[in-house]
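Next come the chains, spelled out residue by residue.
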Amino acid sequence: MSTTTFEEIKAKQRATWGSGDYAKIAWVTVPVAETLVTTVDPHSGATVLDVATGTGHVALAAARRFSVVSGIDYVPELIAHAERRAESEGLTVDFRTADAEDLPFADDSFDYVMSAIGVMFTADHQKAADELVRVTKPGGKIGLASWTPTGFIGQLLKTVGKHAAPPPGALPPTRWGTEEVLRELYGDRVSSIETTVQKVTQRFTSAEHFADFFITYYGPTYKAAERVGEDGREAFRADLIELANASNHSTDGTLACDWEYLVAIATKA
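Residues numbered from 1 in each chain as written. Predicted model: local features only at pLDDT ≥ 70, side-chain atom pairs only at ≥ 80, totals over all residues. Heavy atoms only, no water.

Asker: Could you clarify how one ought to interpret the sheet that holds strand β7 (residues 255-268) in this entry?
Answerer: By definition, the strands of a sheet pair up through backbone hydrogen bonds, in either a parallel or an antiparallel sense. With mixed pairing, the 7 strands of this open sheet are ordered in space as β3-β2-β1-β4-β5-β7-β6. Each end of this open sheet is capped by a strand with a single partner; those strands are β3 (93-97) and β6 (190-204). Averaged over neighbouring strand pairs, the angle between their axes works out to 15 degrees when direction is ignored. Pairing geometry for strand β2 (residues 68-73) and β3, over 5 bridges, is parallel. Residue pairing for β3: Val69 is matched across the bridge by Val93. Contacting β1 (47-51), β4 (110-116), β5 (136-147) and β7, helix α5 (residues 125-135) runs over the sheet at an angle of about 140 degrees to β5. (Pairing = 2+ DSSP bridges. Helix = DSSP H or I, 4+ residues; strand = E, 2+ residues; numbered from the N terminus. Axes fitted to C-alpha atoms, helices over the stretch in contact; angles between N-to-C directions. Contact = heavy atoms within 4.5 Å.)

Structure, rendered in structure tokens:
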């Protein structure tokens with residue numbers, strides 16, 4: 001695949017994440033970010049980079065440990081939101097609008113490089129992985145949290161693709177949620193990879209509430225509903241409701257679903 005094609009895919013992805021209102025839905029991944037930071041365990045004074053920071057979950061969690069933190073995302077509106085959150089807590093984070101596939105940092109800059117449900121949505125997976133490794137110091141840690149292909153969000157993204165096909169050549173983001181693919185992406189540039197499968201329970205008032213919430217605020221589902229039009233939207237919504245009901249383990253009439261993700265910590269050789 002040519003760079004031009006990846007650039008076209010990236011432009012579509014940037015438009016997707018700038019649609020809806022991700023700031024109103026980003027909080028559902030707070031527990032994922034907290035688990036990632038707790039697992040990686042950056043120490044005070046360590047240099048930390050949060051790649052595809054979104055509204056800043058990982059960056060802020062690391063800053064609360066008194067690490068020296070930077071965070072990047074290619075959606076300016078999300079960076080602005082992350083900056084407001086840092087200011088409200090009195091935390092210092094160097095947030096920048098930048099591309100995960102072209103990080104604005106020198107080689108071997110950070111003790112820890114992390115991304116929670118972020119770098120997995122890049123266009124060129126290999127280029128993004130190369131950048132993660134490049135900016136990490138030898139012996140440093142690369143920590144990722146990514147939705148798995150078989151988990152709830154993996155199935156959600158497949159449902160999105162069924163109704164609104166992704167651009168030709170687009171790579172499934174949930175590839176990052178498998179240890180096998182991570183080993184391929186990193187190659188011999190890391191000395192070890194440790195993975196654990198985690199889950200976070202998400203709650204909504206009903207399956208219908210979940211579907212409407214995601215169609216309204218979450219970029220991929222918002223854009224899919226927009227693309228399929230009025231008639232297609234109802235079929236799309238029905239499939240989201242069916243997915244949610246199939247995963248529901250609540251016994252009180254509400255919705256409770258477990259969303260599976262992979263935490264992977266690699267050590268740079």
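Asker: Before we go on, may I ask you to explain the environment of Ser247 in this structure?
Answerer: Within the element layout of this structure, Ser247 appears in helix α9 (residues 219-247). A C-alpha to C-alpha distance of 7.5 Å links Ser247 and Asp258, two positions 11 residues apart in sequence. Excluding residues that lie within four positions of it along the chain, Ser247 makes contacts with Phe152, Ala256 and Cys257.

Asker: Could you clarify how one ought to interpret empty space enclosed by the protein in this entry?
Answerer: A probe as big as a water molecule, rolled over the atoms, marks out the empty space that is left. Counting across every chain of the model gives 2 cavities of 30 Å³ or more. In this structure, the largest cavity encloses a volume near 340 Å³. As for the largest cavity, its lining consists of 28 residues, of which Ala52, Gly54, Asp73, Ile117 and Gly118 are closest to the centre. Counting residues per element, the ones that place at least two in the lining of the largest cavity are α1 (3-17), α3 (57-63) and β2. The element contributing the most residues to the lining of the largest cavity is α1, with 3 residues. A class-by-class count of the residues in the lining of the largest cavity yields 14 nonpolar, 9 polar and 5 charged. The space that makes up the second largest cavity amounts to roughly 90 Å³. If you trace the second largest cavity, you find 12 residues lining it, with Tyr22, Val28, Thr29, Trp147 and Tyr218 closest to the centre. Partitioned by chemical class, the residues of the lining of the second largest cavity number 11 nonpolar, 1 polar and no charged. (1 Å grid on protein atoms, 1.4 Å probe; cavity = no way out; pocket = protein on both sides within 12 Å on 5 of 7 lines; lining within 4 Å. Points joined across faces, edges and corners; volume = space filled by probe spheres on them. Nonpolar A, V, L, I, M, F, W, Y, C, P; charged D, E, K, R; others polar.)

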